[in-house]
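Structural overview for review
Residues per chain, in single letters:
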Amino acid sequence: MSKKVKTIVIAFAVLLGVLIAAAGIIAATFDPNDYKPLIIKLVQEKKQRTLTIPGQIKLTFFPKIGADLGKVGLSEHKGTAEFASIDSARVSLQLIPLLSKKLVVDRIRIGGLDAHIKRFKDGSTNFDDLLSGEENSAQQIAFDIDGVDISNASIAFDDQQQRRTLTIAKLDLETGKIANGVPSKITLSADVKGSNPAIDAKVSLRSGFTIDLDKKQYLLKNADAEIKGRLADFSDLAVKLAGNADLKPADKRFALDGVRLSASGKQSGRALDVKLDAPKLAITDTQVSGGKLTGDAKLIEGARTVTASFSAPSFDGSPQAFKVPSLALDVAVRDAALDAKANIAGTLAGDIDKLLFSSPQLKLTLSGKQGDAAIDGSLTTPFSADMKARRIDLSGIAAAFTLPNPGGGTLKLNATGKAGIDLDKQTVSTLLKGKLDDSTFDAKFGMSKFSPAAYTFDIGIDRLDADRYQGKPSAATQKTAAEKPLDLSALRDLHATGSLRIGALKIRNIKMSNLKADVRAAGGKIDVSPLSAGLYGGTVNGALSATAGTPPHFAVRQNLAGVHVGPLLADAVGKAQIEGRGNVALDVATDGGTFAQMKKKLNGTARLELRDGAVNGINVAQAVRKAKATIGELRGSAAPQTGTGSAAEKTDFSELSGSFRIANGVARNEDLNVKSPLIRVGGSGDINLGEDRLDYLAKATVVSTLQGQGGPELQALKGLTVPVKLSGPFSAIGYRIDFQGLAGELAKQKIDEKKEEVRSKVQDQIKEGLKGLFGK
């Protein structure tokens, strides 16, 4: 051994001996617990947080500097609430590497971590102060950690800016060596729960990894990740992701190799299964390349099955200019009545550096059958995406489709327009013009928010026959099938605002013109207000609403002015019980899933004011004439006269008015006022809308005018009130007249007339006598 080497060895041995001796002396005389008050004070002064160390700190000095802590807690900034705590922590450093500014950690073990992370509405967090330390030379120290063990950790994240929460519990993390550029391994498992979107799942990860801070490069090798549980609307979710990755985020470069993704789950009774394979996809400094991409999906919903397949061939290019020669997406839908296929095809070019992607033409093609109706058509559009601006545009949509019509046969749709998506603002805007069968439309559709989805629309249509698009059940089906309850469950998650304008509309055989309506849907309720239209020679103005519930709730507030009621009722219900023109005011509400239930639960008020019309199904004047004839034939007593009105009978009127209070489907009227040239009719009673029955006492009074539905033969009944009891179903209203009471009233009227005649004669005689006495 040379003298120089021997000197170095001796010096090193002396240094080592001094260090061992110093460590022994420090270990024997130094107690770190004496400095806990000072550490707590420094944390309070520097960070305005309270540090608690209730346990004993244990130190080791050689060959490793180490610390073994018990429970440690840290408060929120300028507060007393707990920010984070640990049940135990152990860390040790190798002593010799520190002399050359190398941080070599033997192993870090943390047990029972409990942290509470918050992001406030302004984007700041409750740990910003912990990251705002001063720059120091420690940043230049190399690190080398033999491994990290974290067990039974819990992290709660409250994101007030996005209104979401996330809790990670039972977190176990174990790593191999963590050093710059050194390959290692990681395993992780945790339970994750959160809201917006809702999540309740178990997460696991196994992978090899390498971190190279000098190159800002991160490698994953043989990664295998899995998620099981619930996510958003999906239950029984199972997501698996495997493969290799070479990532350089700062340079927007990555390479994927052997990536395999599979996902399955259930959503509202639908089963979904998705698979994607990407054997190679790379973006480097000079090249963009990819192997053949393939994907499959299957959706099963009851008897309906939807399958889809995606493919893209191998491609290459540069980051500034690459092109995928062909993209293809095939979708098939099959069930008992439908067999349809869709295909989307096109090319894709792009600039990775500028994050621009485009296609001169994407084409969607439909084909198939639904029952006997053919499905055919296509949609083409240029496509562009600026991912820096986070915007997607479809600048020239041209669509032509032949589709099945729910009312039978087919319908034809032809439209042109454009669409745009702003991912940052979470907005979608679509403009379409075209024709649906004989209807010309100009429409705007959009979204003002993605989650929860909020829709907007502004639709103008020149004319629309909505009945053409409604199925028409056969007569046999109508007789045997029960009325299907209305399902308003879709309203619970619907958020929409918009306006609708239709020049001429026919719906449920009711005809309207110049319809204008503003629509709002939120919180399970849809409001149509204001609503206005031309209606059978008059106008209608008001509002409608429907609320999803058990049962559904409906409200109608409408004012009809100058409307011809007869044609309206004939078109709406197939029979016109009342004719005439005038005003109708409705303010009613009801509950029920079927029309029959709604009629029986109807409540509210109504008022009717009509002129120059008729009440169909009963001829009050004819009944009065029969009463007069019967009274003339009376000898002693007679049974009440009864009968049933017919569709051919009617009671004309010049004016008709009345108000109604409706409770549980029964409309109560007490102020009926009907005027005609021959009679006046008042009355009171109930109209049972739920049972389609009438129970009403009409009082007809004969007036002196002899025009109209009568003649001189009724002069004898002038001033007499004839009670007519109306009852029975709307289709066959029966009437009943009590002749004994009527005859008594008529006799009393005759006696009163005779009394008046005698009184008049006596007065005349007295006048004559007085003239004889004092005449001269």
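Just so you know, these numbers come straight off a predicted model, no measurement behind them. For every chain, the first residue of its written sequence is number 1, and the numbers climb from 1 along that sequence. Only residues with pLDDT of 70 or above have their local features reported here, since the model is predicted, and side-chain atom pairs are shown and tallied only from 80 upward, although totals for entire chains, interfaces and linings are computed over all residues. Each side-chain value is derived from all of the structure's non-hydrogen atoms; neither hydrogens nor water enter the calculation.

What counts as a helix is a DSSP run of H or I of at least four residues, what counts as a strand is a run of E of at least two, and both are numbered from the N terminus. Tallying secondary structure elements over the chain gives 9 helices and 45 strands in all. Within the chain, the fraction of its 776 residues that count as buried is 31%. Throughout, a contact is declared for two residues whenever any of their heavy atoms are within 4.5 Å. A separation of at least 24 residues holds for 49% of the contacts in the chain among residues at least 6 apart in sequence. When a residue's accessible area, from a 1.4 Å probe over protein chains only, is under 20% of the maximum for its type it is buried; when over 50% it is exposed; and in between it is partly exposed.

As paired elements, strand 11 (residues 164–175) and strand 13 (residues 184–195) share 9 bridges and run antiparallel to each other. Bridge pairing links leucine 173 to leucine 188 in strand 13. Direction of pairing for strand 13 relative to strand 14 (residues 199–212): antiparallel, over a ladder of 11 bridges. Within strand 14, the position partnered with valine 192 by the bridge is alanine 201. Adjacent in sequence and paired antiparallel, strand 13 and strand 14 are bridged by 3 residues, among which asparagine 196 carries a positive phi angle near 55 degrees. At least two bridges found by DSSP between two strands is the condition for calling them paired.

A patch consists of residues whose relative accessible area exceeds 30% and which take part in no salt bridge; residues with like charges are grouped when within 9 Å of each other, and nonpolar side chains (Val, Leu, Ile, Met, Phe, Trp, Tyr) when within 5 Å. Surface accessibility follows the Shrake-Rupley procedure with a 1.4 Å probe radius. Residue values consider only the protein chains on display as shielding. A pairing counts as a salt bridge when a side-chain nitrogen of Lys or Arg comes within 4 Å of a carboxyl oxygen of Asp or Glu. Taken together, the side chains of Tyr35, Leu38, Ile39 and Leu42 make up a nonpolar region of the molecular surface, amounting to roughly 340 Å² of accessible area. Structurally, isoleucine 39 can be placed in helix 2 (residues 36–47).

Another aspect to go through is the nonpolar core. Residues belong to a common nonpolar core when they are buried Ala, Val, Leu, Ile, Met, Phe, Trp, Tyr or Cys residues joined through side-chain atoms within 4.5 Å. Leu505, Leu515, Leu535, Leu560 and Leu726 are the most contacted members of the largest nonpolar core, which totals 51 residues. Sort the elements by how many residues they give to this core and strand 43 (residues 693–702) lands first, with 5 residues. Formed by 14 residues, the second largest nonpolar core is a distinct cluster that contains Ile283, Leu293, Leu348 and Ala385.

To continue, consider the environment of serine 88. Structurally, the position occupied by serine 88 is in strand 6 (residues 88–94). For serine 88, a relative accessible area of 35% corresponds to the partly exposed category. In this structure the C-alpha to C-alpha distance between serine 88 and glycine 55, which are 33 residues apart in sequence, comes to 9.5 Å. Other than its neighbours up to four places away in sequence, serine 88 contacts Leu69, Gly70, Arg109, Ile110 and Gly111.

The terminal C-alpha atoms of helix 2, which comprises 12 residues, lie 16 Å apart, in line with the 16 Å expected from a rise of 1.5 Å per residue. Looking at the residues trailing helix 2, positive phi occurs at glutamine 48, about 55 degrees. Take the number of residues in a helix, subtract one, and multiply by 1.5 Å to get its expected span.

Looking now at the pairing of strand 14. By the bridge criterion, 13 bridges tie strand 14 to strand 15 (residues 217–231) in an arrangement that is antiparallel. In the sheet register, isoleucine 211 faces strand 15, and the bridge partner there is tyrosine 218. The turn linking strand 14 back onto strand 15 is made up of 4 residues, and lysine 216 within it adopts a positive phi angle of 55 degrees.

This part covers the layout of surface pockets. Here a cavity is any set of points on a 1 Å grid over the protein atoms alone where a 1.4 Å probe fits but cannot get out, and a pocket is any open set with protein on both sides within 12 Å along at least 5 of 7 lines; a residue lines the site when it has an atom within 4 Å of a point. Grid points are joined across faces, edges and corners, and a volume is the space filled by probe spheres set on the points. Computed from the structure, the second largest pocket encloses a volume of approximately 250 Å³. Taken together, 14 residues make up the lining of the second largest pocket; nearest its centre are Leu281, Phe315, Phe322, Val324 and Leu348. Going through the elements one at a time, strand 18 (270–283), strand 21 (304–312) and strand 23 (321–334) are the ones with two or more residues in the lining of the second largest pocket. At 3 residues, the largest contribution of residues to the lining of the second largest pocket is made by strand 23. For the lining of the second largest pocket, the residue count by class is 14 nonpolar, no polar and no charged. Residues are grouped as follows: Ala, Val, Leu, Ile, Met, Phe, Trp, Tyr, Cys and Pro are nonpolar; Asp, Glu, Lys and Arg are charged; every other residue, Gly included, is polar.

On the secondary structure map, serine 513 appears in strand 33 (residues 510–522). With 21 residues separating them along the chain, serine 513 and glycine 534 place their C-alpha atoms 4.8 Å apart. If near-sequence neighbours (up to four positions away) are discounted, serine 513 is found in contact with Ile502, Gly503, Ala504, Ala533 and Gly534.

In this section: the environment of lysine 650. Within the secondary structure, lysine 650 sits in strand 40 (residues 650–663). The sequence separation of lysine 650 and glutamate 579 amounts to 71 residues, and the corresponding C-alpha distance is 9.7 Å.

So, about the packing of aromatic side chains. Under the pairing criterion, centres of Phe, Tyr and Trp rings, with the six-membered ring standing for Trp, must be within 6.5 Å; the plane angle then separates stacked pairs below 30 degrees from edge-to-face pairs above 60, leaving the rest tilted. All told, the structure shown has 0 aromatic pairs when counted by the stated rule. The rule for a charge over a ring is simple: NZ of Lys or CZ of Arg within 6 Å of the ring centre, and within 35 degrees of the ring normal. Of note, arginine 49 hangs over the ring of phenylalanine 83, and the distance from its end group to the ring centre comes to 4.7 Å.

Time to look at the pattern of salt bridges. Following the criterion strictly, the structure yields 30 salt bridges and no others. When the shortest N-O distance is used, the salt bridge between aspartate 458 and arginine 501 registers 2.5 Å. Placement of aspartate 458 in strand 31 (residues 454–465) and of arginine 501 in strand 32 (residues 496–507) is noted, with a sequence separation of 43 residues between them. Accessibility expressed as a relative area gives 25% for aspartate 458, which makes it partly exposed. A residue is classified by how much of its surface remains accessible, and arginine 501, at 35% relative accessible area, is partly exposed.

Bringing helix 6 (residues 565–573) into the picture now. Three or more residues of helix 6 are buried, namely Val565, Gly566, Leu568 and Asp571. The secondary structure elements touched by the buried residues of helix 6 are strand 33, strand 34 (525–535), strand 36 (553–564), strand 37 (578–591) and strand 38 (603–616).

Attention shifts here to the side chain of aspartate 159. As for its position among the elements, aspartate 159 is in strand 10 (residues 148–159). Of the polar contacts made by the side chain of aspartate 159, one reaches the side chain of arginine 119; its length is 2.6 Å. Not counting residues up to four positions away in its chain, the partners in contact with aspartate 159 are Arg119 and Arg164. Pairs of N or O atoms are called polar contacts if they sit within 3.5 Å, as long as, within protein, a hydrogen donor faces a hydrogen acceptor (for residues adjacent in sequence, only side-chain-to-side-chain pairs).

Looking now at the confidence of the model for the chain. Of all residues in the chain, 80% have pLDDT values of 70 or greater, and the mean over the chain is 81. Low pLDDT, under 50, characterises residues 705–710; the predicted model gives this stretch 17 contacts beyond four residues in sequence or across chains. Low pLDDT (under 50) marks residues 769–776, which in the prediction has 1 contact with non-local residues, meaning those over four places away or in another chain. Per-residue confidence from the predictor is reported as pLDDT, which spans 0 to 100.

The next thing to look at is unusual backbone geometry. When glycine is set aside, most residues are seen to have a negative phi, and most peptide bonds are trans. Here the residue pair asparagine 196 and proline 197 is connected by a cis peptide bond, since its omega of 5 degrees sits within 30 degrees of zero. Here proline 197 shows up in the loop between strand 13 and strand 14. Following threonine 550, the chain continues into proline 551 via a peptide bond in cis, with omega recorded as 0 degrees. In this model, asparagine 222 sits at a positive phi of 55 degrees, which is unusual for a non-glycine residue. By the element assignment, asparagine 222 lies in strand 15. A positive phi angle, close to 55 degrees, is found at aspartate 692, a residue other than glycine.

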